[in-house]
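In case you want the letters, here they are:
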Amino acid sequence: MRGATALGVFASDALRALDILAAHPAVDPDRIGVTGLSLGGLLTLLTAALDDRVAAAVVEGYYGSLHGRFMRARNCPCQNAGVLGLALDLSDIAALAAPRPLLFVAGENDPEMPIAETRAAFERSRAIWQLLGAAGAHDLVEHEGRHEFRAEPAIAWFDRWLRLDEAS
């Protein structure tokens, strides 16, 4: 009613959570990673796009097309991106995170986010990382499952991009 969307409020909360996390003495603010599944994946994507304190991100079960998704299926209104969703799609939002490491994890049998949409969005955003000479920092991992979180690719991604060398 005040011109805000639930998604905007969630994103604002995520950015404030980063403030708290980055200020904690046990946290290296240069090695913050974020991940989430479904709406959490969308929030991961938005957080990585909006805040460069995110050093690496893993979006699970949410990459494709806002346009196609909302035109085709009923979804929680909490995913409504307002006017942002009219002008931009998820691949445009992902481009804001470039060239930082961004991994997408998708189930080949995910009824919530069809794999064909995920692959198409990935191809659109891949060009940005290639242009910036960071193609290895942008990847898609597919699994045979459905709409589910897979820890192994996320752990490997964070290990690759956030772990300090033993010699450091």
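Please refer to the structure higher up on the page.
One structure accompanies this document, and this report is about it. (Residues numbered from 1 in each chain as written. Predicted model: local features only at pLDDT ≥ 70, side-chain atom pairs only at ≥ 80, totals over all residues. Heavy atoms only, no water.)

Some thoughts on helix 1 (residues 6–23)
Okay, step 1: Here helix 1 spans 26 Å end to end across 18 residues, near enough to the 26 Å set by a 1.5 Å rise per residue.
Okay, step 2: Among all positions of helix 1, only Leu 7, Ala 11, Leu 15, Leu 18 and Ala 22 are buried. Seen from one end, helix 1 has its buried residues packed into an arc of 80°, which puts them on one side. Exposed side chains of helix 1 directed beyond 90 degrees from the buried face belong to Ile 20 and Ala 23.
Okay, step 3: Along its buried surface, helix 1 packs onto strand 1 (32–37), helix 2 (39–50) and strand 2 (54–60). (Helix = DSSP H or I, 4+ residues; strand = E, 2+ residues; numbered from the N terminus. Expected span 1.5 Å × (residues − 1). Buried < 20%, exposed > 50% of the residue type's maximum accessible area, 1.4 Å probe, protein only. Arc of directions from axis to C-beta. Contact = heavy atoms within 4.5 Å.)

Things to note about the side chain of Glu 60
Okay, step 1: Looking at the element boundaries, Glu 60 is found in strand 2.
Okay, step 2: Here Glu 60 is buried and forms no salt bridge, its nearest opposite-charge partner Arg 150 lying at an N-O distance of 6.8 Å.
Okay, step 3: Discounting residues that sit within four places of it in the chain, Glu 60 has contacts with Thr 35, Gly 36, Leu 37, Ser 38, Gly 41, Val 105, Glu 148, Phe 149, Arg 150 and Ala 154. (Lys, Arg positive; Asp, Glu negative; His and termini not counted. Salt bridge = Lys/Arg side-chain N within 4 Å of Asp/Glu carboxyl O.)

Describing the environment of Asp 19
Okay, step 1: Looking at the element boundaries, Asp 19 is found in helix 1.
Okay, step 2: Between the alpha carbons of Asp 19 and Arg 53 there is a distance of 9.3 Å; along the sequence they are 34 residues apart.
Okay, step 3: A polar contact of 2.8 Å, which involves the side chain of Asp 19, links it to the side chain of Arg 53. (Polar contact = N/O pair within 3.5 Å; in protein donor to acceptor, adjacent residues only side chain to side chain.)

A look at empty space enclosed by the protein
Okay, step 1: For the structure on display, the rule yields 1 cavity of 30 Å³ or more.
Okay, step 2: Taken as a whole, the largest cavity holds about 30 Å³ of empty space.
Okay, step 3: Here the residues of the lining of the largest cavity sort into 8 nonpolar, no polar and 1 charged. (1 Å grid on protein atoms, 1.4 Å probe; cavity = no way out; pocket = protein on both sides within 12 Å on 5 of 7 lines; lining within 4 Å. Points joined across faces, edges and corners; volume = space filled by probe spheres on them. Nonpolar A, V, L, I, M, F, W, Y, C, P; charged D, E, K, R; others polar.)

A few points about the packing of helix 1 against helix 2
Okay, step 1: In the contact formed by helix 1 and helix 2, the axes pass within 10 Å of each other and the chain directions differ by 60°. Relative to helix 2, helix 1 is oriented oblique. For the pair helix 1 and helix 2, the crossing hand works out as right-handed. Mapping the contact onto sequence places Leu 7, Phe 10, Ala 11, Ala 14, Leu 15 and Leu 18 in helix 1 and Leu 39, Leu 42, Leu 43, Leu 46, Thr 47 and Leu 50 in helix 2.
Okay, step 2: Split into classes, the residues belonging to the contact of helix 1 with helix 2 amount to 11 nonpolar, 1 polar and no charged. (Axes fitted to C-alpha atoms, helices over the stretch in contact; angles between N-to-C directions. Parallel < 35°, antiparallel > 145°, perpendicular 65-115°, else oblique. Left-handed = near helix turned anticlockwise from the far one by under 90°.)

Remarks on the packing of aromatic side chains
Okay, step 1: This model, assessed by the stated rule, comprises 3 aromatic pairs.
Okay, step 2: Their ring planes at 15° and their centres at 3.7 Å tell us that Tyr 63 and Phe 104 sit as a pair that is stacked. Here the residue Tyr 63 occupies a position in the loop between strand 2 and helix 3 (66–72), and Phe 104 occupies one in strand 3 (residues 102–107), the gap between them amounting to 41 residues. Across the pair, Phe 104 and Tyr 63 agree in class, each one buried.
Okay, step 3: On the basis of an interplanar angle of 55° and a centroid distance of 5.7 Å, the ring pair of Trp 157 and Trp 161 is categorised as tilted. Of this pair, Trp 157 and Trp 161 both sit in helix 7 (residues 151–162), 4 residues apart, roughly one helical turn.
Okay, step 4: When its relative accessible area of 32% is taken as the criterion, Trp 161 is described as partly exposed. (Phe/Tyr/Trp six-rings, centres within 6.5 Å; stacked < 30°, edge-to-face > 60°.)

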